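Each chain is listed here by its residues.
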Amino acid sequence: MDSKNRIYFFDTTLRDGEQVPGCQLNTVEKIQVAKALESLGVDVIEAGFPISSPGDFNSVIEISKSVTWPVVCALTRAVEKDIDTAAEALRYAKRKRIHTGIGTSDSHIRYKFNSTREEIIERAVRAVKYAKKYVEDVEFYAEDAGRTDNEYLARVVEAVIAAGATVVNIPDTTGYCLPQEYGAKIKYLMENVSNIDKAILSTHCHNDLGMATANTMSGLLNGARQCEVTINGIGERAGNTALEEIAMILKSHHEIALESNINTQRITPLSRMVSSLMNMPVQPNKAIVGKNAFAHSSGIHQDGVLKNVQTYEIIDPHDVGIDDNSIVLTARSGHAAVKYRLECLGVKVEKEKLDRIYADFLALADKKKDVNDDDLLVLAGAERTGNHRIKLDYLQVTTGMGVKPVASLCLDIAGEKFEAAAAGNGPVDAAIKCVKKIINRNMTIKEFTIQNITRGSDDMGKVHMQVEHDSHVYYGFGANTDIITASVEAFIDCINKFVK
């Protein structure tokens, strides 16, 4: 692989991606994703922001222990205490990087830091030099570089490279840049920073205006050699550049002659894993990993695909890990088959957890003709609720045309049973009112999303819910072939996060 044409993939799913409200993972889940990212072939894993919380600090430590060849990166501000904490969290990493930086746009300099351009350069250089005492590999981010004057940005980049930065990140923090504008910015830096040969320029683009992938590609085509991405494009606000999109653009456009280490056949299983663990549905029309990405409903399209797949498909589904020959699981499948399929999807489980998942699998298999990969991932994710203090014991609903919907249910709260009945505008409303009667708190449902996995009438339904309580918003998830039950379980999942 020609080093000049080598694109390094810097994955920030576990840092920037995890900043999405309601998508927080525990350390065990982060390790699971990190190992899958290693198998995918990412070069750098940004494991967290250690100073931000004890949980993030511990996650960076454990991820450092769990992966072998990817660089493990920790984010900091240009603050010595941040850098000290990051270095401590990275102590077990085989290959380590500290990612430090500061805002460089006039807006950030004036309003965020109440500072001057010269002082910002001094702070940037000081932070890089300080981080360099701990690690050889230091990445500097020029926050809001997308709106930073190019001439000043070049001065910042030259100064931090001279101070020892090995990678310089040029973020389009607000997702504002046009592709040609962002590409021109990278090109300007490549041509006007005298020591640019001593560092790699990195892209970090947000999707606020839907241009993250286009901006990233424009940056790579103009000389950047690292791209900062997330699985499924998750991230704050409208998200980040999607790893799978950049990987498949590079694979599909041979004329670009840019190469990466990504094993694209692992993309779809990892996409599903992240979606399941983070309770973040992937939109059906999402490029590469959406359910409709390789679906053709137009008669003209279907005819073309049947005659020659390349008429409407530029990507072979197998290249992104969509396997038409997946093992079909039924009620007759054993533990080994379930465990094997989970491992194919990147989910490794110990015997005790596998037993619980298998019990749920059998219950689901009795309701469905077959259990697919998405069902399995939902079961693996739903199993996390096993230790909840509040659980649904039973639910009965009466509804129909001309009938007032009525529900009765029982909650198991720390081993004690509580029952309630209520009428509502619909079966879900009636069931939720029952829960509210038992959990006598001021709770408001802010968002309620139902997602089916496939298209069968016996399908598993997934419900994502946001509940506001005491001025805080809590996120919950439920999955069941009965959508009313899934809705109640999602509501209870939210409640478990604030009722102790």
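The notes below deal with the structure included here. All values reported here derive from a predicted model rather than from experimental measurement.

## Here we look at the overall build of the protein
And step 1. In terms of helices and strands, the protein carries 16 helices and 14 strands.
And step 2. Since a compact globule built from 500 residues should have a radius of gyration of about 23 Å, the 25 Å found for the protein is in line with a globular shape.
And step 3. Seen along its three principal axes, the alpha-carbon backbone of the protein occupies a region of about 75 × 60 × 45 Å.
And step 4. Looking at the 500 residues of the protein, the share that counts as buried comes to 53%.
And step 5. By sequence separation, contacts in the protein at least 24 residues apart represent 66% of the contacts at least 6 residues apart.
And step 6. Element-wise, carbon and sulfur atoms account for 49% of the exposed surface of the protein, whose accessible area totals about 22,500 Å².
And step 7. In the protein, 58 side chains carry a positive charge and 67 a negative one; their mean positions are 3 Å apart.

## Regarding the sheet that holds strand β9 (residues 390-400)
Sheet strands pair via backbone hydrogen bonds, and the direction of the pair is either parallel or antiparallel.
And step 1. Reading across from one edge, β9-β10-β11 is the order of the three strands in this open sheet, with antiparallel pairing throughout. The open sheet terminates on both sides in strands that have one partner only, identified here as β9 and β11 (416-423). Neighbour-to-neighbour, the strand axes of this sheet turn through a mean angle of 10°, independent of strand direction.
And step 2. Bridge analysis of β9 against strand β10 (residues 403-413) gives nine bridges, and the strand direction is antiparallel. Along β10, the bridge assignment pairs Ile390 with Ile413.
And step 3. Of the strands in this sheet, β9, β10 and β11 are in contact with helix α15 (residues 427-438), which crosses β10 at around 40°.
And step 4. Lying over the sheet, helix α16 (residues 483-496) contacts β9 and β10, oriented at roughly 145° with respect to β9.

## Observations concerning the state of the cysteines
And step 1. Per the counting criterion, the structure on display carries zero disulfides.
And step 2. Considering cysteine sulfurs only, Cys205 is the nearest to Cys177, which forms no disulfide, with 7.6 Å between them.
And step 3. Given a relative accessible area of 0%, Cys177 falls into the buried group.
And step 4. Between Cys434, a free cysteine, and Cys410, which holds the nearest cysteine sulfur, the sulfur-to-sulfur gap is 11 Å.

## A word on the pattern of salt bridges
And step 1. Going through the model one piece at a time under the given rule, you end up with 25 salt bridges.
And step 2. Notably, a salt bridge pairs Arg15 with Glu46, separated by 3.1 Å at the nearest N-O pair. One end of the pair, Arg15, is in the loop between β1 (8-11) and α1 (27-40); the other, Glu46, is in strand β2 (residues 44-48), with 31 residues separating them in the sequence. Each member of the pair, Arg15 as well as Glu46, is classed as buried.
And step 3. Each member of the salt-bridge network shares a partner with another, and the members are Arg15, Asp16 and Glu46.

## Describing unusual backbone geometry
And step 1. Of note in the backbone geometry, Ile288 takes a positive phi value of approximately 75° without being a glycine.
And step 2. Along the chain, Ile288 falls in the loop between α10 (267-277) and α11 (299-307).
And step 3. Taking relative accessible area as the criterion, Ile288 reaches 11% and is therefore assigned buried.
And step 4. Although it is not a glycine, Asp470 adopts a positive phi angle of roughly 55°.
And step 5. Residue position: Asp470 is located in the loop between β13 (461-469) and β14 (472-480).
And step 6. Take Asp470: its relative accessible area is 59%, and that puts it in the exposed class.

## Re empty space enclosed by the protein
And step 1. Scanning the entire structure with this criterion turns up one cavity of 30 Å³ or more.
And step 2. Taken as a whole, the largest cavity holds about 50 Å³ of empty space.
And step 3. Gln32, Met273, Ser276, Leu277, Val347, Lys353, Leu377 and Ala380 together form the lining of the largest cavity.
And step 4. No other element matches α10, which puts three residues into the lining of the largest cavity.
And step 5. Classifying every residue of the lining of the largest cavity gives five nonpolar, two polar and one charged.

## Things to note about the packing of aromatic side chains
Each aromatic ring pair is described using two quantities: the centre-to-centre distance and the angle formed by the ring planes.
And step 1. Taken as a whole, this structure holds three aromatic pairs when the rule is applied.
And step 2. Its guanidinium or amino end placed over the ring of Tyr92, Lys65 lies 4.7 Å from that ring's centre, counting from NZ or CZ.

## Focus: the pairing of β11
Along any regular strand the residues' side chains alternate between the sheet's two faces.
And step 1. Sheet topology note: the β10/β11 ladder contains eight bridges and is antiparallel. Its bridge partner being in β11, Cys410 is matched across the sheet by Glu419.
And step 2. Where β10 folds back on β11, the antiparallel hairpin that results is connected by two residues, among which Ala414 adopts a positive phi of roughly 55°.

## Here's the deal with the sheet that holds strand β3 (residues 71-75)
And step 1. Ordered in space as β1-β2-β3-β4-β5-β6-β7-β8, the eight strands form a closed barrel in which the pairing is parallel. Averaged over neighbouring strand pairs, the angle between their axes works out to 25° when direction is ignored.
And step 2. Across four bridges, the pairing between β1 and strand β8 (residues 226-229) is parallel. Note that in β8 the partner of Asp11 across the bridge is Val229.

## Some details on the environment of Glu236
And step 1. Here Glu236 is to be found in the loop between β8 and α9 (243-252).
And step 2. Residue classification places Glu236 among the partly exposed positions, given a relative accessible area of 32%.
And step 3. Sequence-wise, Glu236 and Ile314 are 78 residues apart; in three dimensions their C-alpha atoms are separated by 30 Å.
And step 4. For Glu236, the contacting residues outside a window of four places in its chain are Asp16, Gln19, Val20 and His206.

Reading the values: rules and limits
- Residues numbered from 1 in each chain as written.
- Predicted model: local features only at pLDDT ≥ 70, side-chain atom pairs only at ≥ 80, totals over all residues.
- Heavy atoms only, no water.
- Helix = DSSP H or I, 4+ residues; strand = E, 2+ residues; numbered from the N terminus.
- Rg over C-alpha atoms; globule rule 2.2 N^0.38 Å.
- Buried < 20%, exposed > 50% of the residue type's maximum accessible area, 1.4 Å probe, protein only.
- Contact = heavy atoms within 4.5 Å.
- Areas by Shrake-Rupley, 256 points an atom, 1.4 Å probe, with all protein chains shown as cover.
- Lys, Arg positive; Asp, Glu negative; His and termini not counted.
- Charge placed at Lys NZ, Arg CZ, Asp CG, Glu CD.
- Pairing = 2+ DSSP bridges.
- Axes fitted to C-alpha atoms, helices over the stretch in contact; angles between N-to-C directions.
- Disulfide = S-S within 2.5 Å.
- Salt bridge = Lys/Arg side-chain N within 4 Å of Asp/Glu carboxyl O.
- 1 Å grid on protein atoms, 1.4 Å probe; cavity = no way out; pocket = protein on both sides within 12 Å on 5 of 7 lines; lining within 4 Å.
- Points joined across faces, edges and corners; volume = space filled by probe spheres on them.
- Nonpolar A, V, L, I, M, F, W, Y, C, P; charged D, E, K, R; others polar.
- Phe/Tyr/Trp six-rings, centres within 6.5 Å; stacked < 30°, edge-to-face > 60°.
- Lys NZ or Arg CZ within 6 Å of the ring centre and 35° of its normal.

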